[in-house]
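Fold and geometry: a report
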Amino acid sequence: MGGVNAAKRGLTPQEYRLEVQALVPPLPVVRLPLAMCRGLVLAEDVTAGVSLPPFDNSAMDGYAVRASDVVSATAENPVRLPVADDIPAGRTDVAPLAPGTSQRIMTGAPLPEGADAIIQVELTDGGTENVRIDASVLPRTHVRFVGEDVSSGDVILRAGTVLHPPQLGLAAAVGLAGLPVRRPPRVLVLSTGSELVPPGDPLPPGHIYESNSVLLAAAIEEIGGKAVVLRSVPDDVATFRAVVAEHVGEADLLITSGGVSAGAYEVVKDALSDQGVEFVQVAMQPGGPQGRGSFEGLSVVALPGNPVSAALSFELFLRPALLSAMGHSRTDRPRARARATAAMTSPPGRVQYRRGRHDAGHVEVVPVGGPGSHLLASFAASNCLIEIPVGVAEVAAGDEVDLVLLD
Ligand code: AMP
Ligand code: MG
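Residues numbered from 1 in each chain as written. Chains lettered and ligands numbered in written order. Predicted model: local features only at pLDDT ≥ 70, side-chain atom pairs only at ≥ 80, totals over all residues. Heavy atoms only, no water.

**Examining helix H7 (residues 307-325)**
What counts, and what does not: Strands are runs of DSSP state E lasting at least 2 residues, helices are runs of H or I lasting at least 4, and numbering of each runs from the N terminus. Working rule for helices: expected span equals 1.5 Å times residues minus one. Accessibility here uses a 1.4 Å probe with only protein chains present; expressed as a share of the type maximum, an area under 20% marks a residue as buried, one over 50% as exposed, and anything in between as partly exposed.
Helix length check: H7, at 19 residues, gives a terminal C-alpha distance of 25 Å against a target of 27 Å (1.5 Å per residue), a fit within 8%. Taken across its 19 residues, H7 has 18 buried, putting it largely inside the fold. Positive backbone phi, approximately 100°, marks glycine 327, located one or two places after H7.

The structure is reproduced here in structure tokens:
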């Protein structure tokens, strides 16, 4: 990894992103029930074992006929046919259709042998002994033919497909109960800080509510991962190590927040430096101090504690890394360019990510709040990041800026 030199010069966010990605290799392929597959990525091509439809059937409630028996039918000069049988959906002992007769048939019921068209019930008197037919039909009308949608043996879903509702419905339609997918990553989330209090508890003086674990767990679950939130730990190395040790074998990745910057009592840094985790500066604001590596075989990404820094670090490094490990080919958020409605300044030598609100057409973007990494309400009110590259110290109102779209 980058080592001392990297820490000195500061890794670019792109360089750091690749390092984080290297910590999260592709997840194993497992077969999961369809109900657990939504949003996951198919790992192998899937072949249909049946055709769709599996047999010729009626697309309408009505009457199965031979089209040639009703050629002359009009509203003024209807044709009457005896109704020889009734075919509800699911019936399997359907008799062939004798010439000059009809069979009453429901949507999805098998087409009787000899029939070549369906007269929809609305074009008849709905009779059960005899039926009056008020219109002619062309052969094949309202018949759904075997294999029209899928032929048995067809590849219906390709490896790499993201499984949304239509793909899952299709898998079920060809009779599959499960699919081979890359399993969701299991991610431990551990907040650190002696000042943290769980939401819901009374807030003693000098304390703040712990919010990073909720935000990070939600971000993990939003992309289909499984988050395991550990109880947050005070700034005490022994406690930190003990909590991590309890869970080491259970996950693909540990994400910590807090305790990685340059002050005293940097618990994550103190506990994991020289233990396989390296702490570096990434040339960005917010979110400069970062750590990554592996501790006792568990991949660790250590995020700074300020809520916006932690959230941005997830967004820029962990989100693409986890998506990639899950097999997604599209791991980047969409981007756009828009005119800033207000001036902004950016520190030298760092990419700055400001929070913003863009309009529907991405014509303008309104910066929301200042650059401070504690401004969580501004982040919650934004729908994009404004990326101000290295080398740009000032953006004037009306300048075009790059956006990372979060909505
Ligand atoms: P640290 O990186 O530990 O120095 O924390 C930086 C700032 O983020 C401090 O103001 C912390 O109180 C705050 N902070 C750290 N962890 C959390 C957390 N889990 N939830 C909310 N704020 C936090
Ligand atoms: Mg702290």
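**Some words on the site of ligand 1**
Our working definition: Whether a residue is near a molecule or strand depends on its heavy atoms: it is near if one of them lies within 4 Å of it. For this analysis, a polar contact is any N or O atom pair within 3.5 Å, provided that within protein one partner can donate a hydrogen and the other can accept it, and provided that sequence-adjacent residues contribute only side-chain to side-chain pairs. Working definition of accessibility: Shrake-Rupley area with a 1.4 Å probe, residue cover restricted to the visible protein chains. Residue type decides the class: Asp, Glu, Lys and Arg count as charged, Ala, Val, Leu, Ile, Met, Phe, Trp, Tyr, Cys and Pro as nonpolar, and the leftover types, Gly among them, as polar.
Around ligand 1, the structure places 16 residues, and the nearest of them are Glu195, Glu210, Ser211, Gly259 and Gly305. Separating an oxygen atom of ligand 1 from a backbone N or O atom of glycine 305 is a distance of 3.0 Å. Note that an oxygen atom of ligand 1 is positioned 3.2 Å from one of the backbone N or O atoms of asparagine 306. Protein burial of ligand 1: of its 480 Å² of free accessible surface, 78% is covered by the chains. Class assignment for the residues of the shell around ligand 1 results in 4 nonpolar, 10 polar and 2 charged.

**With respect to the pattern of salt bridges**
Opposite charge on two side chains permits pairing when their charged atoms draw close. Cut-off, in case you're wondering: The working definition used for a salt bridge is a side-chain nitrogen of Lys or Arg within 4 Å of a carboxyl oxygen of Asp or Glu.
If you walk through the whole model with that rule in mind, you get 14 salt bridges. Note that aspartate 86 is salt-bridged to arginine 104, the shortest N-O span being 2.8 Å. Of this pair, aspartate 86 sits in strand E5 (residues 79-87) while arginine 104 is found in strand E6 (residues 102-105), placing the two residues 18 residues apart along the sequence. Given a relative accessible area of 24%, arginine 104 falls into the partly exposed group. Across the pair arginine 91 and aspartate 93 runs a salt bridge whose closest N-O atoms are separated by 2.6 Å. With relative accessibility at 51%, the residue aspartate 93 sits in the exposed group. Salt bridges here are not isolated pairs; linked through shared partners, they connect Glu19, Glu278 and Arg292.

**Quick notes on the sheet that holds strand E4 (residues 62-65)**
Stated precisely, the cut-off is as follows: For two strands to be treated as a pair, DSSP must find at least two bridges joining them. Whenever a helix is involved, its axis is fitted only over the stretch in contact; in every case the axis is a line through C-alpha atoms, and angles between N-to-C directions fall within 0 to 180 degrees.
Sheet architecture is open: 5 strands sit in the order E7-E4-E6-E5-E8, paired in mixed fashion. Looking along the sheet, the strands with just one partner apiece sit at the ends: strand E7 (117-120) and strand E8 (130-133). Strand-to-strand, the axes of this sheet are offset by a mean angle of 40°, without reference to chain direction. The sheet contact formed by E5 and E6 spans 4 bridges and is parallel. Directly across from aspartate 86, in E6, lies its bridge partner arginine 104.

**Topic: the packing of helix H4 (residues 212-222) against H7**
For the record, the criterion: For this classification, under 35 degrees means roughly parallel, over 145 means roughly antiparallel, 65 to 115 means roughly perpendicular, and everything else is oblique. We call a crossing left-handed when the near helix sits turned anticlockwise from the far one by less than a right angle, and right-handed when that turn is clockwise. Note on contacts: a residue pair qualifies if any of its non-hydrogen atoms lie within 4.5 Å across the two residues.
The interhelical angle for the contact between H4 and H7, taken along N-to-C directions, is 15°, at an axis separation of 10 Å. The pairing of H4 with H7 is recorded here as roughly parallel in orientation. Crossing of H4 over H7 shows right-handed handedness. Contacts from Asn212, Leu215, Leu216, Ala219 and Ile220 of H4 reach H7 at Pro307, Ala310, Ala311 and Phe314. Class assignment of the residues belonging to the contact of H4 with H7 gives a composition of 8 nonpolar, 1 polar and no charged.

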